[in-house]
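Spelled out, the chains give:
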Amino acid sequence: TGHMTVEPDISGLSERLLLARRQYFGIGAQSDARFRRFRSTIAATWKTQTLDLTAAGLGPLAADVLVEELLGLPPSHRPWLLHLDRNMLGDAGAVALARLLRASPTTQSLSASSNCIGPRGALEIFEALLQDCSLTSLDLSSGGIPAERNVIARGHERPAITALAKVLQRSPALSILRLGATAIGPEAAAELSAALPLSSSLMELSLPSNGLGPAGAAAIAEGAAHAQSLETLNLTGNDIGDAGAAALGEKLFAASGVARPEATSRPPSPLLRPPSPSRPPSPSVRPTSPGSSGRRQPIATRLPAALSPVRLRSLQLASNRIGPVGARALAQALYACPTLTCLRLARNELGDEGARAFAAEIEKAARASVSTIVLTELSLASNGVGDDGACALAVALKCSGEHYRGAAASAPLRVTKLDLSANRLADRAAVELAHALSAEASSLQVLNLNENGIGNEGGAALGRALPSSPGLRRLGLKSNPLGGGAGEALAAGLEGSSVLALSLENSAVPYSCVEAAERLVLANRKRWEEGRPQRSESRRRALETTSEELNRVRAQLAWERAELTATEAQLEEVAAQLYSLRGEIHSREEEDEARLAACQESTRQAELSAREEAEQLAKDRKMWHETLNMKEASLLMAEKAAARARDRMKRANCSTKVEVRSVVAEVEPLREAVLLASAALESASEAACEAEARLTQEALGEQGVSPICDR
C-alpha cells in the first residue's frame, strides 16, 4: 500500500521519548548506544506504517509524547499497526492510546498486551472504539509476569466489559479480540457471550487463563455457537473440567440443529473397545442395533452440515483438566461443527479412554456415506495416552485413508496433523502408527511423537514406513529411547521419502545415524525446492483450467441471470396480482372479522342470558328445596301430632269403654224398670180405653143412639 511520505523528526522524537522514560522511571541518562538503538528501531518500523516498540520500556509519559507526535501527522500518514506490548503504559497510557484511536480512524491493529492497564484504561479504549473506527485487531492480553498484567474487570463492577459488549455489537471491522489473562471471570464471560451473536465481523476470540470455569465456558459456548462469523475460539487454561467440556458440546449440538450420531450396524474395531476382563464374544456373532437390516444408518438426520449455524474452525482447550467424560462429549460435538478443522486438547487428562472416544468418532465418520467431520489437526499432547489409545487412533486414521481413497468427495475427513507428544507411547503404538503411515492414501503430514517411550522396535517400524508414506513432511521423535537399530532404519527410510523435518535429539541414536538423517533431510528439502517450479507450473495449469471452468461458469451464470431477470419480471407481475388478492383477502378478512365480532357479541349476550336463567333456576331450585324441606318438616310434625292424637284416642277409647260399661251397668236396672213401667202404662191405657168405651156406651145409651152408628 505504499510507504509513508511524511515522517516525524526521528531524532527529536527519540530524545523526547527517552526523556519522558527517564522522568517516569527515575533512571539516569542512557548511553549513546541505547539512544542509537532506540532511534534505529523507530526509523525502521516507521517506513512500513507499522510502529513496533515492543518491550521498549516507554511508560505512560513517553506514550503521551508518542501520541502527541502521531496526532501531529496527517491522518493518512499515521501508522496502521501499533505494537506497544510490555511498555508499562498503565491507565494513563491507555487514555493516550484512546485519544489516538478517536483521532485516527485508519488504525487497523493495536497490540498493548502486558501493560498494567486496569479497568479504567480498558474502558477508555473500548469507548474510543465505539466511534467510527476501522480497528480490526485488538490485543490486551497479559503474559506470564504478574506485575505487567492487564486487568479489565474487578468484582461485580464491569463497566469495561459492558463497553466491550457494545463494541462487539456495533463495530463493523473488529475481527480479532485477544484478552488472555485479564481476570474476566464467568459473569463477565456471560455478558460478552450475549454480544457474540450480534457481532458481524469477529472471527477470533481468545480468552485463555481467565478463570472461566464450567459456567463461563458454557456461557461462551452459547454465544460462540450462534455467532455469525466466529471461526477461532481459545479457552486455554480456564479449568473448565469435564462439566465445562460437556456443556460446551451440548451448546454446540443445541445450536447446530444436527442430530446426534446413531450407532451403526458395523461393530467397532477391537482396538477401539476398552479392554474387558471377561471373555470376548465369538467372531461369528455380529452385534446389530435393534431394527437394523444390515445397512449403515445416516449420521445426521435432522439438518445438513452446510446449514449448521456453527462456523468454528479452530477450538483450543489446552490445560483445562478435561477427562474422558469431557473427551467423549467433545468427540461427539465434532458432528455439530461441520467446519472445525483444528482441535487442540494438550495438557489435559484424557487418557486412553479419551483417545479411544476420538478414534471411535473418526472411524465412524470415515465409514459414513456422508461425513460431517472435516478435522485436519488434532493435538492430544501431555494427556497420559498409552498404547491402547494410540493404537485406536492409528486404526481410525488407517480407516479414514482407506475410505477417502474410495470416495474422496463424500468423505472429507483427512487428519493431516497429529500431536501425541509427552504421553506414554511405547513400541506397540509406534508399530500401529507406522502401519497407518504406510497405508495407501494416508493423510498424515505432521506426526509429533516427542517425549514418549518408543524404543528400537517402534523406531525401526516408523523408519520402514517412511518410503511408503509420500505425504509425511514432519516427524518428531526426540527424547525417545530409540537406539541404534531405529536410527539406522530411519536413515534408510529417509532415502525414498519426502520428509522435510526429523527431530532425533536425546533419542539415544548414534551420531552417524543422526548425521546421515540430517543429510537426507537436506537432500529432500533441496529436491522439494527444485520441484517447486514444476509444482508452480502444475498449479498454474490447474489454475488455468479452473479459470476456464470459471469462465464457463460465468457464462452459465450470465445466462441464468438473464433467465432470472425474466423470472423476476414474472414474479413482479405475480406479486402485483398477489398484492391485489391480498387486498381482497384483507377486505374479506375484515368482513369476516366484523361478522365474527357480531357473532361473538350475540354469543356473549346469549351466554349472559343463559347465565342469568341458570342463576334464576338455581335460586328457584333453592327455594323449592327450602319449601320442600319446610313441608317435609311440617308433615313430619303432623305425623308426630297424629301419632300423639291416636295415642290419646286409644287411651280415650279405653276409658270410654270402661265408662260405657259402668253406665250400661247402671242403666240396665233402669231399662228394666222402664219396661215394667211401660207395661204398666199400656195396661193402664188399655184399662182407660175400656173405661172410656164403657162410658161412651153408657152415654149413648142414655141418649138413645146406637153405638155402632156413633162409631
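Not measured: the values here are computed from a predicted model. (Residues numbered from 1 in each chain as written. Predicted model: local features only at pLDDT ≥ 70, side-chain atom pairs only at ≥ 80, totals over all residues. Heavy atoms only, no water.)

Asker: Where do I start with the overall build of the chain in this structure?
Answerer: Of regular secondary structure, the chain possesses 18 helices and 14 strands. Put simply, the chain has 711 residues, and 41% of those count as buried. Sequence separation of 24 or more characterises 87% of the internal contacts of the chain that already satisfy a separation of 6 or more. (Helix = DSSP H or I, 4+ residues; strand = E, 2+ residues; numbered from the N terminus. Buried < 20%, exposed > 50% of the residue type's maximum accessible area, 1.4 Å probe, protein only. Contact = heavy atoms within 4.5 Å.)

Asker: Help me understand the pattern of salt bridges in this model?
Answerer: Between side chains of opposite charge, pairing is possible as soon as their charged atoms come close. All told, the structure shown has 23 salt bridges when counted by the stated rule. When the shortest N-O distance is used, the salt bridge between Arg-99 and Asp-64 registers 2.8 Å. Within this pair, whereas Arg-99 is found in helix H4 (residues 90-103), its partner Asp-64 is found in helix H3 (residues 59-71), the two being separated by 35 residues in sequence. The shortest N-O distance in the salt bridge between Arg-541 and Glu-537 comes to 3.4 Å. In this pair, Arg-541 and Glu-537 are both assigned in helix H17 (residues 532-703), four residues apart and thus about one turn of the helix distant. On the basis of relative accessibility, which here comes to 26%, the residue Glu-537 falls in the partly exposed class. Residues participating in the shared-partner salt-bridge network are Glu-537, Arg-540, Arg-541 and Glu-544. (Salt bridge = Lys/Arg side-chain N within 4 Å of Asp/Glu carboxyl O.)

Asker: Teacher, can you tell me more about the environment of Leu-89 here?
Answerer: By secondary structure assignment, the location of Leu-89 is in the loop between strand S2 (81-83) and H4. Through-space distance from the C-alpha of Leu-89 to that of Glu-148 is 9.4 Å; in sequence the pair is 59 residues apart. If we ignore the near neighbours within four places in the chain, the residues touching Leu-89 are Leu-58, Gly-59, Pro-60, Ala-63, Leu-84, Leu-97 and Asn-115.

Asker: Before we go on, may I ask you to explain empty space enclosed by the protein in this structure?
Answerer: This structure, assessed with the given rule, holds two cavities of 30 Å³ or more. There is about 30 Å³ of room inside the second largest cavity. Leu-70, Arg-78, Pro-79, Leu-82, Leu-100, Ser-104 and Thr-107 are the residues that line the second largest cavity. Of the residues that constitute the lining of the second largest cavity, the class distribution is four nonpolar, two polar and one charged. (1 Å grid on protein atoms, 1.4 Å probe; cavity = no way out; pocket = protein on both sides within 12 Å on 5 of 7 lines; lining within 4 Å. Points joined across faces, edges and corners; volume = space filled by probe spheres on them. Nonpolar A, V, L, I, M, F, W, Y, C, P; charged D, E, K, R; others polar.)

Asker: What exactly am I supposed to notice about the packing of aromatic side chains here?
Answerer: The geometry of an aromatic ring pair comes down to the distance between the two centres and the angle between the two planes. The final tally for this structure, using the stated rule, is zero aromatic pairs. Here Arg-535 stacks its cationic end above the ring of Trp-528, 3.7 Å away from the centre of that ring. (Phe/Tyr/Trp six-rings, centres within 6.5 Å; stacked < 30°, edge-to-face > 60°. Lys NZ or Arg CZ within 6 Å of the ring centre and 35° of its normal.)

Asker: Sorry if this is basic, but what is going on with a nonpolar patch on the surface here?
Answerer: A surface patch of nonpolar side chains, about 410 Å² in accessible area, is lined by Tyr-24, Phe-25, Ile-27, Leu-61 and Met-88. Positionally, Leu-61 belongs in helix H3. Assessed through its relative accessible area of 39%, Leu-61 is described here as partly exposed. (Patch = residues over 30% accessible without salt bridge, like charges linked within 9 Å, V, L, I, M, F, W, Y side chains within 5 Å. Areas by Shrake-Rupley, 256 points an atom, 1.4 Å probe, with all protein chains shown as cover.)

Asker: What am I meant to see in the packing of H4 against helix H5 (residues 119-129) here?
Answerer: A pair of packed helices is characterised by two quantities: the angle between their axes and the separation of those axes. Viewed as axis vectors pointing N to C, H4 and H5 meet at an angle of 5°, and their least axial separation amounts to 8 Å. What the angle tells us is that H4 and H5 run roughly parallel. Between H4 and H5, the contacting residues are Asp-91, Ala-92, Ala-94, Val-95, Ala-98, Leu-101 and Arg-102 on the first element and Arg-120, Gly-121, Glu-124, Ile-125, Glu-127, Ala-128 and Leu-129 on the second. Grouping the constituent residues of the contact of H4 with H5 by class yields eight nonpolar, one polar and five charged. (Axes fitted to C-alpha atoms, helices over the stretch in contact; angles between N-to-C directions. Parallel < 35°, antiparallel > 145°, perpendicular 65-115°, else oblique.)

Asker: Would you explain the side chain of Asp-85 in this entry?
Answerer: Here Asp-85 shows up in the loop between S2 and H4. One buried charged residue, Asp-85, remains without a salt bridge, the closest side chain of opposite sign being Arg-178 at 8.3 Å. Within the structure, Asp-85 has its side chain in polar contact with the side chain of Ser-111 (distance 2.6 Å). Among the polar contacts listed, one links the side chain of Asp-85 to the backbone nitrogen of Ala-112, at a separation of 3.3 Å. Contacts of Asp-85, omitting those with residues within four sequence positions, involve Leu-53, Thr-54, Ala-55, Ser-111, Ala-112, Ser-113 and Asn-115. (Lys, Arg positive; Asp, Glu negative; His and termini not counted. Polar contact = N/O pair within 3.5 Å; in protein donor to acceptor, adjacent residues only side chain to side chain.)

Asker: Is there a simple way to explain the packing of H3 against H4 in this structure?
Answerer: Following both chains from N to C, one finds H3 and H4 inclined at 10°, their axes separated by 8 Å at the closest point. Considering their axes alone, H3 and H4 lie roughly parallel with respect to each other. Between H3 and H4, the residues in contact are Pro-60, Ala-63, Asp-64, Val-67, Glu-68, Leu-70 and Leu-71 and Ala-92, Gly-93, Ala-96, Leu-97, Arg-99, Leu-100 and Ala-103, respectively. Residue composition of the contact of H3 with H4, grouped by class: ten nonpolar, one polar and three charged.

Asker: What is the right way to look at helix H9 (residues 241-256) in this model?
Answerer: The α-helix advances 3.6 residues per turn, and as a result positions three or four apart in sequence lie on the same side. When the terminal C-alpha atoms of H9 are compared, their 23 Å separation across 16 residues agrees well with the 22 Å that a helix rising 1.5 Å per residue should span. Three or more residues of H9 are buried, namely Gly-241, Gly-244, Ala-245, Leu-248, Gly-249, Leu-252, Phe-253, Ala-255 and Ser-256. Contacts from the buried residues of H9 go to helix H8 (213-225), strand S8 (314-316) and helix H10 (324-333). (Expected span 1.5 Å × (residues − 1).)

Asker: Could you clarify how one ought to interpret the environment of Arg-321 in this entry?
Answerer: Here Arg-321 is to be found in the loop between S8 and H10. In sequence terms Arg-321 and Leu-350 are 29 residues apart; their C-alpha atoms lie 8.4 Å from each other. Residues in contact with Arg-321, not counting those within four places in the same chain, are Asp-239, Gly-241, Asp-242, Asn-348 and Glu-349. Among the polar contacts listed, one links the side chain of Arg-321 to the side chain of Asp-239, at a separation of 2.5 Å.

Asker: Could you clarify how one ought to interpret the nonpolar core in this entry?
Answerer: Most often, soluble globular proteins have nonpolar side chains that are buried together. By size, the foremost hydrophobic cluster in this structure holds 143 residues, and its most contacted members are Phe-126, Leu-138, Phe-358 and Leu-477. Not counting the four nearest positions on each side in its chain, Phe-358 is found in contact with Ala-327, Leu-330, Ala-331, Leu-334, Leu-343, Leu-345, Leu-350 and Leu-393. (Core = buried A, V, L, I, M, F, W, Y, C linked by side-chain atoms within 4.5 Å.)

Asker: I would appreciate a short explanation of unusual backbone geometry in the present structure.
Answerer: Leave glycine aside and you will find that most residues have negative phi; peptide bonds, for their part, are mostly trans. A positive phi angle, near 55°, is found at Arg-86, a position not held by glycine. Here Arg-86 is to be found in the loop between S2 and H4. Despite not being glycine, Asn-506 has its phi angle at roughly 55°, a positive value. Among the secondary structure elements, Asn-506 is positioned in the loop between strand S14 (501-503) and helix H16 (511-530). A relative accessible area of 67% means that Asn-506 is categorised as exposed.

Asker: What's the story with the side chain of Arg-78 in this structure? I'm lost.
Answerer: Among the structural elements, Arg-78 can be located in the loop between H3 and S2. Among buried Asp, Glu, Lys and Arg side chains, Arg-78 stands out as unpaired, with Glu-68 the closest opposite charge at 9.5 Å. In terms of polar contacts, Arg-78 uses its side chain to reach the backbone carbonyl oxygen of Leu-73, at 3.1 Å.

Asker: I'm lost on H8 in this one. Help?
Answerer: A rise of 1.5 Å per residue sets the reference length of H8, with its 13 residues, at 18 Å; its end C-alpha atoms lie 18 Å apart and thus fit the reference within 8%. Among the 13 residues that make up H8, ten are buried, leaving the element largely enclosed by the rest of the structure. Within H8, the full set of buried residues consists of Gly-213, Gly-216, Ala-217, Ala-218, Ala-219, Ile-220, Ala-221, Gly-223, Ala-224 and Ala-225. The secondary structure elements touched by the buried residues of H8 are helix H7 (185-195), strand S7 (232-234) and H9.

Asker: Is there a simple way to explain a positive patch on the surface in this structure?
Answerer: Taken together, the side chains of Lys-640, Arg-644, Arg-648 and Arg-651 define a basic patch exposed on the protein surface. By the element assignment, Lys-640 lies in helix H17. (Charge placed at Lys NZ, Arg CZ, Asp CG, Glu CD.)

Asker: So what exactly am I meant to see when it comes to the confidence of the model for the chain here?
Answerer: Mean pLDDT for the chain: 83, with 85% of residues reaching 70 or above. In this model residues 1-5 is a low-confidence stretch, pLDDT under 50, and it forms eleven contacts with partners more than four residues away in sequence or in other chains. Considering only residues more than four positions removed or in separate chains, one finds that residues 263-307, a stretch of pLDDT under 50, has 58 contacts. (pLDDT = per-residue confidence, 0-100.)

Asker: Please explain a negative patch on the surface as it appears in this structure.
Answerer: On the surface, Glu-589, Glu-590, Glu-591 and Glu-593 cluster together to form a negatively charged patch. Turning to its location among the elements, Glu-591 is positioned in helix H17.

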